[in-house]
Each structure stands twice: as structure tokens, then as C-alpha cells.
Amino acid sequence: MLIKKASSLTESDVTPEDDFKKSRRLISTSRRQFMAQSSAVMLASGLAPSTLWAGNKIENYSKSSFSLNEKPTPYEYVTTYNNFYEFGTSKGDPAVRAHLLKTKPWSVTVEGEVGKPGVYDLEDILKRQQLEERIYRLRCVEAWSMVVPWIGFSLADLIKQMEPTSKAKYVEFTTLYDPKQMPGQKSRSLKWPYTEGLRMDEAMNPLTLMATGLYGEEMPNQNGAPLRLIVPWKYGFKSIKSIVKIRLTEQMPKTSWNESAKNEYGFYANVNPQVPHPRWSQSRERVIGAPLFTPKRDTEMFNGYGEQVASLYKGMNLKRLF
Amino acid sequence: MSKKRLSKRQLGFLKTLVFGVCLIPFGLITWDAVNNLLGADPIQTLHFRTGDWTLRFLLITLAMSPLQRLLGSPLPIRFRRMLGLFAFFYASLHLLVWLVLDQSLSLDNMLEDVPESPYIILGLLAYSMLISLAVTSTAGMMRRLGKAWFTLHKLIYVIAVMGVVHFFWLTKLDYSEPIVYAVILLCLLAFRWPMMKSMLTSKTNSV
């Protein structure tokens, strides 16, 4: 079993500090190289090499018992191999263009079926949350996966603070829409702004994370700064980035990929090796950062988080409600 | 300028040169693989790079007869077989990447993946047709097959169309690249429209 309970997880299960430092050293070298490269690109294109990486350390966070006991994907790949169509459809676009996004100040609109609607400053929201590091596997619908040490807080805590009404059945999230900051929005690859949604019980599940950082530092822009969702048992596109609005609703919200191709991307989008995408198999996944001849990894039901979430879908036909 | 006939030696030199140039993408891909420069998702990178070059060589091969007419020189046709065989070469690499890296040579994996992935079925079909063209590409085969050879090698059009559809079919949302291939292919096919039309009419007339 991948997910350890608090009782069976000891301090020694975490990547040894030495290894961690070693990998950090490697990371910072490759990061520097990358920075140098992308700075050159930006200078060549007339842009100043501004804060490509915020790089600010996050000071106070605890380690979560939900973490995988696996070595995280190298920082270099986590921050340069991104699906974030707001910055372009190729994987390298976000790392090159995301410096255009201004994440401070940032406010989040809370509305819908809540007792405390309003526009909240992100800093004020964060003051009331307990940050923790959670090492989760991210499984993309394109059949690749990585392991990311996110930092964030439980969405359930935030929702409770919003005081949901009895009519709140779903949560709808919206990404920032501003083609000046997000040049990918100039092309109509998806219908902007990007929206995603969860059923209330999915949103309240303790695994569901609102992430504000990774690898011990503030969230890099290309990974969805300053605030993004992480739903580790669902395909990556559910984990919406750069959130500006959270709305509690009675009706199932519309979601971007589902709107773009209803027969290919469902509302639930649970990781499920038994239900292929209409055009490709989901039974295995390429492990990002693995050496060339590494066999693909067998995809696990609910991405390996079945113990915590399978009960949410009892009695549902997951082939139909993919 | 190319009206003047080339000597045998000149042609041989030119063919060696073209051969070398056609191997450059292979060299670059191999260099990147050996030096760990394929990026975060090396299997996918190899799929795309070998697939791109397969399509490019198919299109280049199909461009030779229009080029011959534009230049008024038979020279491009002299390179057509070699270019076609390079399309086959890159397609073989593409298949090899899939067999070895993607499927780990496991029949179980393939039996599971292939039925769930229509674009793979199409790719395999196109490749099997390409084999028949590669095998019959020698002068001896051409002689033996006679008229049938020309009919068989019309399959290149079908293969090219299947290759581009294969690319469309696996693409998620951003179709800009497959569209470029499709447009070029349509232009190359349009060039043959008069020929195809006359073939069709002569057939209907003879019935």
C-alpha cells in the first residue's frame, strides 16, 4: 500500500536529509543552468529576466502523514514540464512565460451558498491555515506521472470557514482571466476562464489540498501560483491553478475540459486504469524523470489513494461516470 | 541549370551527400538520448521526434515528382527511392521506441494498449504497408512486378494520409502541428489531381 497511516509512518520514512540536500544541490545547479538559458531567451525577446522563480522559502510547515514514501520528481522537471494552457499549450511554455503573472497582491472571491461571501486577501486566508508538506503523486490524463512535495492546507478547513449553507452540494473554482498576464488566453484553445469543480464530499476529503508551494518554497508561477487545488486521486486537469474564485453551488458546475470534449474528459476524472481515454489506454504511466529504459508504471485505481476515497464512489458506475 | 546531365560520378557523390544529410536527424536524436538530453518525458520526446521525421520524409518523398516538373529536370526522381526508404527507416525507429521503451516488449502490455488506442492501430497498419513498399523498392523487384509495381507503390498516398491522421488522432487540443502536415500533404496531393482525374476517367471509359 502506498499511503501510510500516521501510525506506520516514521521520521525515517521521509527522504533522508542527506539525499535531500544532495538532490537540492543538483537541483540548484540545473536550475541555475535553466535560469541562465531562459534569461537569455527573455533578454533576446526583449524581456527582463524577472522573478521566474519566486524562490522564497516557506518557513512554518509540518510534515503530513498523507505523504508518499517515494522520492520526489526532480525540481527541474516539476517546474519545467507543465500543462498550464493559460501560458501556451506546450509543456515548456509555462516556465518561460509565467513570469508575466503577478501574484501579489492576490484576492480570492468567495460566493454562492456560503455564510461568509466576500473578496478575501490571500494573505488573510493564509493567516488562518495550518501549512503542511504533502508528497503526492500527480497523474496526468496524458498517461504520465510525477511525485511532488506540495505545501498547502486542507480545503476542508477553508470551506468550513466559509460556512457553507445546506444547499452547498458542489464547489466551483475559477482561474484568473487576464490575457495580458496569461498570454495563452489570447488563443481559444480552451474556453476561458478555466473552471473546475468538485462534489462537496470530494472537496471535504482530508486528502484534498489547497497548495501554495512546493519543494519548501512558494509556488512557482508555472505551477499555479499563488493558490492551486491538488486532488491526488484525480487526473491532473482537475487540480486547477491560480484560483481567483471559489463558489459553492447546488448544481454541478461546468468544467473546462469537459466543456471542450464531453466524451473524453468527465466531471469526476478519477484515475482509473480500467477506464481508457477514448483514444488511449490509461493502464500504465510514464514516470517523469525516470531513466530511458525504465518500464512504465502500472497506474493504480484512484492513483493509489483508494483506501481514503473509494467509499466516495460506492455504487457509482465509474465506466459511465468517468 | 540542371538541364545538363550529371556524370555517374557526380550523381554518386550527390547521392552520398543526400544520404548523409538524411542521417543527421538520427544522429541528433541518438546524441540527445546518449547524453540524457531528451527532457522530462524521454519516451514521449522520442515518439515525437521519430514520428515527425517519418512524416517529413514521407512528404519530402511525395514532393519529388512535383519538383521534377517544376525544375524540368529528372534529377529529383533519382533520389525518391532513397528518401522513401528513409521514411521507412524513421518509421522503424518510431515503432522500435514504442515496442522497446513504451511497451517494454511485453505482449501483455500490447494486447491491453492496442485495442484501447485507435491511433496505434492506424500506425501499425500504415507501417505494415510501408514494409511492402520497402521490400519491393529494389530494381529487381520493380522489374519482376512490372505494371503491378506502380499500382502497389500508389500506397504511399494512403500511408501518408494515415500518418497524418495518426498524428491528429493522438493530439490533445492543440492541432497546429498536425494541421501543418495536413496542409502540405493536401498541396502535394492536389498536384496529382489531374493525373488522378485522368486515371479515373480512363477507367470509367474502359468499363
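Student: What am I meant to see in the pairing of strand β6 (residues 170-175) of chain A here?
Tutor: Put simply, side chains in a regular strand alternate between the two faces of the sheet. Residues and elements named next belong to chain A. Among the six residues that make up β6, six are buried, leaving the element largely enclosed by the rest of the structure. Where burial is concerned, the two faces of β6 agree: the one with Y170, E172 and T174 and the one with V171, F173 and T175 are both buried. Across five bridges, the pairing between β6 and strand β7 (residues 195-199) is antiparallel. Its bridge partner being in β7, V171 is matched across the sheet by L198.

Student: Can you help me understand the nonpolar core in this one?
Tutor: Among soluble globular proteins, nonpolar side chains are generally buried collectively. If you look at the biggest cluster of nonpolar residues, it comprises 73 residues, and the most contacted ones within it are W150, V171 and M210 of chain A. Of all the elements, strand β5 (residues 144-154) of chain A adds the most residues to this core, at six residues. With 31 residues, the next largest nonpolar core counts W53, L62, F86 and I159 of chain B among its residues.

Student: Help me understand the interface of chain A and chain B, please; the structure alone is not making it clear to me.
Tutor: Interface size is commonly expressed as the accessible surface area that is lost when the partners come together. Opposite the 19 residues of chain A that make contact, chain B presents 19 residues. Taken together, the residues that form the side of chain A that touches chain B break down as nine nonpolar, seven polar and three charged.

Student: How should I be thinking about the environment of L158 of chain A in this particular structure?
Tutor: Residues and elements named next belong to chain A. Counting through the fold element by element, L158 comes out in helix α5 (residues 155-162). By the C-beta count within 10 Å, which is 20 here, L158 ends up buried. Considered as a pair, L158 and K191 are 33 residues apart in the sequence and their alpha carbons are 27 Å apart.

Student: Any chance you could explain the packing of helix α2 (residues 42-71) of chain B against helix α9 (residues 155-170) of chain B here in plain terms?
Tutor: For any two helices packed against each other, one specifies the crossing angle of their axes together with the interaxial distance. Residues and elements named next belong to chain B. Contact geometry of α2 with α9 gives a least axis separation of 10 Å together with a crossing angle of 145°. Crossing of α2 over α9 shows left-handed handedness. Along the contact surface, α2 presents G51, T54, L55, L58, L59, T61 and L62, while α9 presents I156, I159, A160, G163, V164 and F167.

Conventions and cut-offs
- Residues numbered from 1 in each chain as written.
- Chains lettered and ligands numbered in written order.
- Predicted model: local features only at pLDDT ≥ 70, side-chain atom pairs only at ≥ 80, totals over all residues.
- Buried ≥ 20, exposed ≤ 12 C-beta atoms within 10 Å, placed from the backbone.
- Helix = DSSP H or I, 4+ residues; strand = E, 2+ residues; numbered from the N terminus.
- Pairing = 2+ DSSP bridges.
- Core = buried A, V, L, I, M, F, W, Y, C linked by C-beta atoms within 7 Å.
- Contact = placed C-beta atoms within 7 Å.
- Nonpolar A, V, L, I, M, F, W, Y, C, P; charged D, E, K, R; others polar.
- Axes fitted to C-alpha atoms, helices over the stretch in contact; angles between N-to-C directions.
- Left-handed = near helix turned anticlockwise from the far one by under 90°.

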